[in-house]
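# Structure at a glance
Chain by chain, the residues:
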Amino acid sequence: MQHQLSLTIESNDSYDQIDNIDMSQFNENLFLQGKEQSKLLSDIHMASEKLSHSADHYINEIVEQTQGSIKQIIMIQSYYRMYSCKIKYQKRKKWARYRKCVIQELVDSEFTYLKDLELIIVKFYDPLQGILTETQSKLLFRNLKQIYLLNKQFLFEISERFSNFTQHTCFGKIFDKYVQFFKIYFEYTSGFSIEVVSLLRKEIPKLNDFITELEEADIFKGGNLESYLIKPVQRLPKYVLLIKDLIKHTWKSHPDYESLQVSVNKFIEVNSKIDILMDNVLKNQMLFELQKLFFDSINVSIVESTRRYVQSETINVLVSKQQKSVIVYICNDMIILTQRNQNALAKQHEKLYEYLYLNEKSYCKNKPETQYCKFLFTVSSQEQSITFICQDAEQKQKLLSLFETLINDIKMKYQKLEIFQENDVQPIQVFAKGTELRKSLLQSYTVYVMFITAGTQNLTLSTRYSSLIKLENMLRKQFPDISIPHLSKNQWANNKKTQLIEARKIIIENFLEAVLNSPLIKQNPEQVLKYLELPPSFYEAIASSPNKICIQRESLRNTMKSSSFNTDDISLSETLRFVRNTNTIRQTLHHKSLKVSNQTINIKVLLYTSIYFQIMFLDEFYIFLPISPELRVADLIEMAAGAIKLQSYDDFKFFLINDQEIRILDDDDCIPQIQLNKSNNESVFSKLTFLFKEREKTNTKLLLKKYLYLTPKQEKKDYQSDLVRLNLICHQAFDDIKNMKYKITFSQYCIYSIYYLIIKYYENFRHIFTKQSLPINLVKQLIPDKVYKQEKELTWISEIYIGIGIVKQEIEQILKQHDKNLQGIKKFEQQFQYITELLFMESLQQNPFYGLQYFNIEIPNTSKDILQRQFQCQLETYSILGVKYDRFIIINNMEKKLEIFLYDIVNLSPFPFYFQFQIKQIKNEQFIFKTSNGLEIQKLQELYSNISNNL
């Protein structure tokens with residue numbers, strides 16, 4: 001009989017979702033077996049007979065059926081094309097309306113500009129020819145009249161073309177025609193100075209009296225002559241901004257697209273030369289313009305001596321789940337967003353959308369690119385955040401660098417003034433780690449996994465979008481003046497779309513940052529922290545000094561580095577403990593008074609709580625542990641390990657189990673809070689919903705299981721010296737075998753059945769004297785029904801009975817040889833079981849699949865073809881991905897098809913329904929595996945890579 005064992009995946013009849021896979025069901029779905037296979041062969045034989053007797057008749061029948069299928073496919077394709085065309089048409093129709101608004105603004109603003117120039121010419125230039133000399137007139141008005149005549153002709157052509165506007169109307173050639181003539185602005189701007197007017201007024205009294213008289217008549221509408229003379233200087237930058245906005249809303253197949261691209265480049269070239277000449281004049285005046293246009297009406301003053309205008313851009317921002325096109329005006333300590341007014345009757349073409357002040361606590365966050373969200377970054381400042389969506393990587397790099405420079409300048413300024421202290425509390429930042437798809441009694445839903453960094457704390461928060469909408473409504477009622485982003489309501493038809501989920505990840509980041517950094521929330525944090533299931537001491541922990549913890553961590557790091565850490569002699573627990581302490585700081589409460597009563601352990605803690613979680617183990621042992629808002633999952637693991645005397649537990653994780661789902665909990669996760677009370681003043685629907693939720697919560701349990709695996713040598717050192725660990729992982733392996741997550745031979749099943757009887761039912765094993773006394777019903781608890789039915793019961797009994805004698809003799813021989821080494825285990829029964837467990841694990845670790853975590857994946861054809869060509873292998877579309885401590889293994893029908901080492905995998909990024917990665921040997925290729933477990937796969941890959949890097 002063979003003693004070599006095969007590895008399985010963890011599961012149980014009641015816990016078959018733990019590893020997100022049912023291997024037996026998966027194999028059945030892909031391969032026809034038994035009766036199904038026989039039926040298929042029979043159908044093929046009958047079809048062959050029919051074709052041989054009357055080929056023409058049956059061929060025509062098959063052709064007719066095929067044609068019917070083709071018609072259905074053509075109809076589906078037609079509907080899809082129609083839908084695609086409809087979406088494209090609606091988008092272009094929207095863009096065409098926007099293009100019309102842009103040109104309308106150009107025409108209106110050009111008309112206003114010409115009226116202003118005409119006022120200067122009629123009221124000043126012509127009457128002053130008798131007062132000023134030719135040189136003085138040239139110095140004051142320069143070539144203003146030429147500019148007026150040029151722009152008048154330009155307005156005529158633009159207006160004429162605009163009067164017959166359609167979505168295909170082109171303006172690029174008009175811009176291109178006039179851009180060369182706009183170089184006459186160089187003459188106006190070269191040597192232009194705003195102080196010329198005041199100097200000439202002092203030198204020429206008649207001029208001063210003339211201008212004073214007109215000012216008293218208020219012909220400047222609240223301005224002055226200087227504000228009108230600077231308008232030609234400001235005009236060319238406006239053209240650049242408008243044309244860029246026009247290009248942004250012009251599709252590439254539009255006949256105007258290429259002409260506009262050429263024109264804008266020429267305008268930028270002309271405008272850049274003027275910017276060099278007029279930099280300070282333009283920037284100082286721009287603040288006054290922005291004040292007048294957008295801030296006077298809301299009684300906010302933005303004109304300050306320390307504030308200077310920098311530049312403006314047309315760009316998109318992410319708001320709720322949509323992109324909004326805005327114009328961003330950037331100052332050295334302020335960001336102003338305006339939106340184009342698409343109301344044709346509105347007098348003002350731009351309206352204020354949002355503004356944000358930059359300070360020493362502001363920061364930029366570079367957003368990773370996704371399939372639907374590219375070229376994103378966020379600028380945050382206390383309660384406010386703005387997420388910019390750039391047109392390309394170049395614009396993103398330019399603006400991101402600009403904002404980082406501006407923020408760094410502000411921080412340097414504060415440091416010089418000694419305003420910014422080292423102990424100042426830094427802003428709380430939130431990062432979206434990914435999403436998980438979970439199930440309830442009524443539906444499946446998306447949970448967003450957020451990572452919160454606050455002072456010395458690193459917390460993981462799982463939340464639903466709908467829950468945050470409720471939080472927003474609650475906060476707006478409680479704090480009417482609070483400044484937080486608005487969350488749009490759920491759309492049931494779209495809430496699973498990848499594009500929507502990716503957008504919401506960013507929106508939730510900004511929302512949570514605004515909420516947690518809000519001064520109003522910090523003053524009254526209890527309600528928000530409880531709602532988000534964050535610790536009550538969240539804000540106090542942020543302010544605590546990390547110096548002591550940093551010193552301890554550095555000391556531990558130095559100690560470990562000086563040891564022989566790069567060998568296999570160190571144990572699994574020591575390896576994981578080192579990696580944990582060099583990367584994260586676990587802050588736990590002190591737990592007291594463990595009391596054991598039979599198989600139930602009651603634990604009292606200093607913090608009062610009336611809520612307990614049932615902690616389960618695969619050896620059918622269970623305990624109850626109290627939970628509180630201060631505890632993290634890592635704390636609960638530590639408490640559970642202490643209760644059962646498990647010496648090391650860094651490779652164990654909790655699996656949350658209820659009637660709807662089973663999922664893995666991270667160490668930094670909050671422990672789910674269970675609400676037990678409900679108001680009677682609720683609607684019937686609310687009460688029904690609550691009952692469903694209560695049913696889900698009251699059945700919630702936690703299962704502690706081994707999750708991480710390293711080399712057999714590292715594993716062995718731990719389980720040989722820890723009887724509790726050895727027993728747990730043996731029972732976990734039995735659970736795997738029961739759920740057919742190994743490829744095991746008949747002989748191996750027989751040997752494992754003997755091990756099973758010794759470890760779980762030693763009393764029954766002792767009383768096996770004949771074949772008739774073999775407890776076959778207990779054996780059936782291990783062997784899957786499908787496997788058991790493949791052989792006769794007498795065959796199983798006979799083979800197992802023969803194996804019992806061999807196994808018993810082998811164990812007794814080992815006991816005699818190692819009697820002195822087993823003095824710590826006093827009872828013979830326990831010694832016998834201990835040797836059995838060691839044999840079981842020794843055999844199990846020889847299996848190449850030992851230590852794998854399994855995930856169902858779908859490999860798209862593009863990725864599959866490249867992998868097959870590169871690695872000379874044959875892959876199936878629907879396969880299984882096994883993640884090991886040093887590699888990815890693609891498996892089909894329990895056969896290895898491809899192995900990829902973790903050190904060759906780079907840029908692994910999870911998305912809602914797939915994950916993508918690159919392989920070092922295959923440059924410039926992105927590989928996509930479809931799965932709902934992308935986030936969990938990324939966590940495993942990062943953890944194993946981190947362990948490898950620290951060894």
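The text that follows walks through the structure, step by step, so that each part is easy to find. Nothing here was measured: the structure is a model prediction, and the numbers come from that model. (Residues numbered from 1 in each chain as written. Predicted model: local features only at pLDDT ≥ 70, side-chain atom pairs only at ≥ 80, totals over all residues. Heavy atoms only, no water.)

Our next topic: empty space enclosed by the protein. This structure, assessed with the given rule, holds four cavities of 30 Å³ or more. Approximately 60 Å³ is the volume found for the second largest cavity. Along the walls of the second largest cavity sit Leu-139, Leu-140, Arg-142, Gly-191, Phe-192, Ser-193, Ile-194, Val-196, Val-197, Glu-226 and Leu-229, which together make up its complete lining. The class makeup of the residues in the lining of the second largest cavity is seven nonpolar, two polar and two charged. (1 Å grid on protein atoms, 1.4 Å probe; cavity = no way out; pocket = protein on both sides within 12 Å on 5 of 7 lines; lining within 4 Å. Points joined across faces, edges and corners; volume = space filled by probe spheres on them. Nonpolar A, V, L, I, M, F, W, Y, C, P; charged D, E, K, R; others polar.)

Glancing now at the packing of aromatic side chains. The tally for this structure, following the rule as stated, stands at 45 aromatic pairs. Ring geometry for Phe-154 versus Tyr-239: centroids 5.7 Å apart, planes at 70°, classification edge-to-face. Within this pair, whereas Phe-154 is found in helix α5 (residues 144–162), its partner Tyr-239 is found in helix α11 (residues 231–248), the two being separated by 85 residues in sequence. Summarising the aromatic geometry, the rings of Phe-734 and Phe-840 are spaced 4.8 Å apart at their centres and angled 10° between planes, so their arrangement reads as stacked. Pair noted here: Phe-734 is in helix α24 (residues 723–738) and Phe-840 is in helix α30 (residues 828–845), with a separation of 106 residues, a long-range link. Overall, Phe-734 belongs to the buried group, its relative accessible area being 3%. Ring-pair connections join several aromatic residues into one group, and the members of that group are Phe-154, Phe-175, Tyr-178, Phe-181, Phe-182, Tyr-185, Tyr-239 and Phe-267. For Lys-231, the ring lying beneath its charged end belongs to Tyr-228, and the centroid distance is 5.3 Å. When the ring centre of Tyr-465 is taken as origin, the NZ or CZ atom of Arg-504, which lies over that ring, is 3.9 Å away. (Phe/Tyr/Trp six-rings, centres within 6.5 Å; stacked < 30°, edge-to-face > 60°. Helix = DSSP H or I, 4+ residues; strand = E, 2+ residues; numbered from the N terminus. Buried < 20%, exposed > 50% of the residue type's maximum accessible area, 1.4 Å probe, protein only. Lys NZ or Arg CZ within 6 Å of the ring centre and 35° of its normal.)

Below, the discussion takes up the environment of Ile-121. Structurally, Ile-121 is set in helix α3 (residues 55–125). Note: C-alpha distance between Ile-121 and Tyr-148 (27 residues apart in sequence) is 8.9 Å. Not counting residues within four places of it along the chain, the set of residues in contact with Ile-121 comprises Asp-126, Pro-127, Leu-144, Lys-145 and Tyr-148. (Contact = heavy atoms within 4.5 Å.)

Glancing now at the side chain of Gln-748. Relative to the elements of secondary structure, Gln-748 occurs in helix α25 (residues 746–760). When its relative accessible area of 5% is taken as the criterion, Gln-748 is described as buried. Engagement of the side chain of Gln-748 in a polar contact is seen with the backbone nitrogen of Thr-745, the distance being 2.9 Å. (Polar contact = N/O pair within 3.5 Å; in protein donor to acceptor, adjacent residues only side chain to side chain.)

Moving on, we come to the pairing of strand β14 (residues 622–626). Note: strand β13 (residues 612–616) against β14, five bridges, orientation antiparallel. What sits directly across from Phe-613, in β14, is Leu-625. Connecting the antiparallel pair β13 and β14 is a turn made up of five residues, with Glu-620 showing a positive phi of about 70°. (Pairing = 2+ DSSP bridges.)

Right, let's talk about the pattern of salt bridges for a bit. Scanning the entire structure with this criterion turns up 33 salt bridges. Put simply, Lys-433 and Asp-666 hold a salt bridge, and the shortest N to O gap is 3.6 Å. Taken together, the residues Lys-433 in strand β8 (residues 429–439) and Asp-666 in the loop between β16 (662–664) and α22 (684–698) connect sequence positions 233 residues apart. For Lys-433, a relative accessible area of 25% gives the class partly exposed. Bridged by salt links that share partners, the residues Glu-105, Lys-238, Asp-245, Arg-340 and Glu-350 form one connected network. (Salt bridge = Lys/Arg side-chain N within 4 Å of Asp/Glu carboxyl O.)

Okay, helix α23 (residues 712–720) next. Where α23 is concerned, the buried positions are Gln-714, Glu-715, Asp-718 and Tyr-719. Within α23, the buried residues cover an arc of 120° as seen down the axis, which keeps them to one side. (Arc of directions from axis to C-beta.)

So, about unusual backbone geometry. The phi dihedral of Met-740 falls on the positive side, at around 55°, and the residue is not glycine. The class for Met-740 is partly exposed, based on a relative accessible area of 22%. Notably, Asn-924 is not glycine yet its phi reads approximately 60°, a positive angle. Here Asn-924 shows up in strand β24 (residues 922–930).

For the rest of this paragraph, the subject is the sheet that holds strand β10 (residues 457–463). Strand order across the open sheet formed by three strands is β8-β9-β10, with antiparallel pairing between neighbours. The sheet terminates laterally at β8 and β10, the two strands that pair on one side only. Put simply, the sheet's adjacent strands are angled 20° from each other on average, direction ignored. Direction of pairing for β8 relative to strand β9 (residues 444–454): antiparallel, over a ladder of ten bridges. By the bridge assignment, Glu-436 is partnered in β9 with Val-447. Contacts from helix α15 (residues 498–517) reach β8, β9 and β10, with the element oriented near 130° to β8. (Axes fitted to C-alpha atoms, helices over the stretch in contact; angles between N-to-C directions.)

That is the geometry; function is a separate question.
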